[in-house]
Amino acid sequence: MTKRLTPETAAALALNALAYTAGVPEAFDRFADLSGLDRNTVRARAQETSFLVAVLDFVLADEQLLVDFCTETSTDTQAVHMARHILDRHE
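The text that follows walks through the structure, step by step, so that each part is easy to find.

What counts, and where the lines are drawn
- Residues numbered from 1 in each chain as written.
- Predicted model: local features only at pLDDT ≥ 70, side-chain atom pairs only at ≥ 80, totals over all residues.
- Heavy atoms only, no water.
- Axes fitted to C-alpha atoms, helices over the stretch in contact; angles between N-to-C directions.
- Helix = DSSP H or I, 4+ residues; strand = E, 2+ residues; numbered from the N terminus.
- Parallel < 35°, antiparallel > 145°, perpendicular 65-115°, else oblique.
- Contact = heavy atoms within 4.5 Å.
- Nonpolar A, V, L, I, M, F, W, Y, C, P; charged D, E, K, R; others polar.
- Salt bridge = Lys/Arg side-chain N within 4 Å of Asp/Glu carboxyl O.
- Buried < 20%, exposed > 50% of the residue type's maximum accessible area, 1.4 Å probe, protein only.
- Phe/Tyr/Trp six-rings, centres within 6.5 Å; stacked < 30°, edge-to-face > 60°.

## Concerning the packing of helix α1 (residues 7-22) against helix α5 (residues 63-73)
The geometry of a pair of packed helices is captured by two quantities: the angle between their axes and the separation between those axes. As a packed pair, α1 and α5 sit with axes 11 Å apart at the nearest point and diverge in direction by 110 degrees. With respect to α5, the element α1 is oriented roughly perpendicular. From α1, Leu13, Asn16, Ala17, Tyr20 and Thr21 reach across to α5, where they touch Leu65, Asp68, Phe69 and Glu72. Residue composition of the contact of α1 with α5, by class: 5 nonpolar, 2 polar and 2 charged.

Here it is as structure tokens:
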């Protein structure tokens, strides 16, 4: 069972997902291509709730990236889904 997430812990999870994605060159390149953002813009927008929702959408859309992220960070996949829902509600 996944513990209850707050908007703050959901944002922290999304930032962890962003950091993980940035460390996987092919995933980050795909994210940059889809979003039209470069690394500097990503850094500048990393505190925006709508941007964090987009990061989680990207991770959730790529099953292998999701599994790898969750395995590497010991995160329950359900927590990623929950974090996306919580952040979307608090946008």
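## Section: the pattern of salt bridges
If you walk through the whole model with that rule in mind, you get 4 salt bridges. In this structure, aspartate 62 and arginine 30 form a salt bridge, with 2.3 Å as the shortest nitrogen-oxygen distance. Within this pair, whereas aspartate 62 is found in the loop between α4 (49-61) and α5, its partner arginine 30 is found in helix α2 (residues 25-35), the two being separated by 32 residues in sequence. Overall, the relative accessible area of 34% leaves arginine 30 in the partly exposed class. With its nearest N and O atoms 2.6 Å apart, the salt bridge here joins arginine 84 to aspartate 57. Taken together, the residues span a long stretch of sequence, with arginine 84 in helix α6 (residues 77-89) and aspartate 57 in helix α4 at a distance of 27 residues. A cluster of three or more residues bridged by salt bridges with shared partners is formed by Asp57, Arg84 and Asp88.

## Here we look at the packing of aromatic side chains
Under the defined criterion, the tally for this structure stands at 4 aromatic pairs. Where phenylalanine 31 meets phenylalanine 58, the ring centres are 5.2 Å apart and the plane angle is 65 degrees; that geometry is what we call edge-to-face. Of this pair, phenylalanine 31 sits in helix α2 while phenylalanine 58 is found in helix α4, placing the two residues 27 residues apart along the sequence. Just as phenylalanine 31 is buried, phenylalanine 58 falls in that class too.

Scope: geometric values only; no functional claims are made or implied.
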